[in-house]
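# Secondary and tertiary structure notes
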Amino acid sequence: MSEKKIATTAVRAGINSDQHHGAVVPALHLSSTYALKGFNDKRQFDYSRTGNPTRATFAQAITDLEQGAVGIVTNTGMSAVHLICQLLDTQDTVVIPHDCYGGSFRLFTHLAKRGQFTLVVVDQNDQQALAQALATKPKLVLVESPSNPLLRLVDIAAITKQAHQVGALVAVDNTFMSPVLQQPLLLGADIVFHSTTKYINGHSDVVGGVLVTKEQALGEKLAWWANCIGITGSAFDSFLALRGLKTLPIRMKQHQINANAVAKFLQQHSAIQQVYFPGLASHPQHELAKKQQYDFGAMMSFELKGGVEAVKILFDKLELFTLAQSLGGVESLICHPSTMTHAGMEIEAQLTAGITQSLVRLSVGIEDIDDILADLSQALDASQA
Ligand SMILES: *Cc1c(COP(=O)(O)O)cnc(C)c1O
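Quick caveat: nothing in here was measured; it's all calculated off a predicted structure.

## So, the side chain of E303
With respect to the element layout, E303 can be found in strand β9 (residues 299–304). In this structure, E303 is buried with no salt-bridge partner, the nearest side chain bearing the opposite charge being R152 at 8.7 Å. At a separation of 2.8 Å, a polar atom in the side chain of E303 contacts the side chain of Y276.

## A short note on helix α7 (residues 216–229)
Between the first and last C-alpha of α7 there are 20 Å, a value that for 14 residues agrees with the 20 Å anticipated at 1.5 Å per step. Residues of α7 that are buried: L218, G219, L222 and A226. Buried residues of α7, viewed axially, fall in a sector of 95 degrees; they line one side. Exposed residues pointing more than 90 degrees away from the buried face of α7 are listed as A217 and W224. In this structure, the buried side of α7 is in contact with β1 (70–74), α3 (77–85), β5 (169–173), β6 (191–195) and β7 (209–213). A positive backbone phi angle near 75 degrees is found at G230, which sits one or two residues after α7.

## Topic: the domain arrangement of the protein
Interface size, as often reported, equals the accessible area lost upon joining of the parts. Domain annotation of the protein identifies domain 1 (6–245) and domain 2 (249–383). Between the C-alpha centres of domain 1 and domain 2 the distance comes to 26 Å. The interface of domain 1 with domain 2 comprises 43 residues on the first partner and 41 residues on the second. Between domain 1 and domain 2, a total of about 3,200 Å² is buried, with carbon and sulfur atoms accounting for 61% of that surface. If you sort the residues of domain 1 by the area they bury against domain 2, L153, L181 and Y199 come out on top, with a joint share of 23%.

## Notes on the sheet that holds strand β3 (residues 118–122)
One open sheet accounts for seven strands, arranged β1-β7-β6-β5-β4-β2-β3; its pairing is mixed. The open sheet is flanked by β1 and β3, the only strands paired with a single partner. Within the sheet, the average angular offset between the axes of one strand and its neighbour, ignoring direction, is 20 degrees. Across two bridges, the pairing between strand β2 (residues 93–97) and strand β4 (residues 140–144) is parallel.

## Observations regarding the environment of A163
Topologically, A163 is positioned in helix α6 (residues 156–165). Distance in space between the C-alpha atoms of A163 and K139 is 9.1 Å, their sequence separation being 24 residues. For A163, the contacting residues outside a window of four places in its chain are L134, V141, A168 and V170.

## Examining the state of the cysteines
Per the counting criterion, the structure on display carries zero disulfides. Not engaged in a disulfide, the cysteine C85 finds its nearest cysteine sulfur in C100; these two sulfurs lie 11 Å apart. With a relative accessible area of 7%, C85 lands in the buried category. Exposure remark for C100: the relative accessible area of 0% places this residue in the buried category.

## Here we look at the site of the ligand
Looking at the ligand, there are 13 residues lining it, with M78, D173, S195, T197 and K198 nearest. Take D173: an N or O atom from its side chain is 2.7 Å from a nitrogen atom of the ligand. In the model, an oxygen atom of the ligand is placed 2.7 Å from a nitrogen or oxygen of the K198 side chain. For the ligand, whose accessible area on its own is 380 Å², the fraction buried by protein is 92%. Broken down by class, the residue content of the shell around the ligand amounts to four nonpolar, six polar and three charged.

## What about the nonpolar core?
Among the nonpolar cores identified, the biggest contains 59 residues, and L266, F302, L314 and L362 are the most heavily contacted of them. Looking at this core, the element that brings in the most residues is helix α9 (residues 248–267), giving seven residues. Residue assignment places this core across two domains, with domain 1 (6–245) and domain 2 (249–383) each supplying three or more. With near-sequence residues (within four places) excluded, L266 lies in contact with I272, V275, M300, F302, L362 and L380.

## Thoughts on unusual backbone geometry
Across the junction of S145 and P146, the peptide omega takes the value -5 degrees, indicating a cis bond. Residue position: P146 is located in the loop between β4 and α6. That bond from N148 to P149 is cis: its omega, 5 degrees, falls within 30 degrees of zero. On the secondary structure map, P149 appears in the loop between β4 and α6. Its identity is not glycine, yet S326 carries a phi of approximately 75 degrees, on the positive side.

Conventions used here
- Residues numbered from 1 in each chain as written.
- Predicted model: local features only at pLDDT ≥ 70, side-chain atom pairs only at ≥ 80, totals over all residues.
- Heavy atoms only, no water.
- Helix = DSSP H or I, 4+ residues; strand = E, 2+ residues; numbered from the N terminus.
- Buried < 20%, exposed > 50% of the residue type's maximum accessible area, 1.4 Å probe, protein only.
- Lys, Arg positive; Asp, Glu negative; His and termini not counted.
- Salt bridge = Lys/Arg side-chain N within 4 Å of Asp/Glu carboxyl O.
- Polar contact = N/O pair within 3.5 Å; in protein donor to acceptor, adjacent residues only side chain to side chain.
- Expected span 1.5 Å × (residues − 1).
- Arc of directions from axis to C-beta.
- Contact = heavy atoms within 4.5 Å.
- Domains from an automatic or database assignment.
- Buried area = accessible area lost by both parts, 1.4 Å probe.
- Pairing = 2+ DSSP bridges.
- Axes fitted to C-alpha atoms, helices over the stretch in contact; angles between N-to-C directions.
- Disulfide = S-S within 2.5 Å.
- Near = heavy atom within 4 Å.
- Areas by Shrake-Rupley, 256 points an atom, 1.4 Å probe, with all protein chains shown as cover.
- Nonpolar A, V, L, I, M, F, W, Y, C, P; charged D, E, K, R; others polar.
- Core = buried A, V, L, I, M, F, W, Y, C linked by side-chain atoms within 4.5 Å.

Written out as structure tokens, the structure is:
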């Protein structure tokens, strides 16, 4: 899909769909239940856990953007991950990346401990380890690219091909990119999912998730489970997320202009040990990023030479950046993965994933770039004093 088409799809989602009043923007339907036309004569919707017009409009918008068959809106990003777990029986094996989102890592490890499936945790860029993992004939391979917080990439087309050869389904966490910057279904994946809490809603006022399947049958199976276990997203959250979605393409443009400038600035600063950003030519997977992504996104992380003490000073001195979990909102955020987003991971697992105490993650917002750079500059200078 060309960029123009993506922007058009995002902006036009649900516009002019109101048959009754001609409302330009789709209405917010809060009703929990819908009247039947008569005895055994149901309308399209009957009960809002199962189906809701506002949620359906949002689901269709994401399905169109990801170019899939079925979209399911869930109440959190984690419930989208959990929904995928409904595909797994006790004899099944799942392969997850060693550096996936901390919440996903916690969910998979704890469900595996209770015997719900067998878990294989692997560095998906280690070809030998990956081949060994796939030799166990897994039912599902979870992929996250770029990864959180180190912005490592996985070649989605290549891993999908390998996974399909052993009969595994591939589910890709596309939260860091959004469908504007990467479309995993077009790279061969079976399922793509997002925490809409992040870029899709984009205003840090909704917690939600969405999942899109390439095939109709798989989507219907997952939609059945979403209703069965009761994790579908609320109408109001869907309304807000749909509203946020309309500016996603243009927000991403500004996020990236700012992120590129921030990455270049950080790379030359003397307080910094290393910057992790796929947009830098020095990133080991810069070429892969250019190939499978439409652009580089606005998430990055870096290590401070001064260790955790320097991190504390940096956080203390920053005025514009907010010290908070989450990402993808219009406001710039900073976080310490080890004690925040990835605290659900044992320290040993963190170190295996490359998450050190001196690692800091940035979600670069869309404030004026001069103010962003001035804030980082004064705080970094102070951190090495
Ligand atoms: C936030 C996040 C999730 C979980 O989503 P919630 O909306 O917080 O439940 C999953 N994957 C990634 C990459 C995330 O950033």
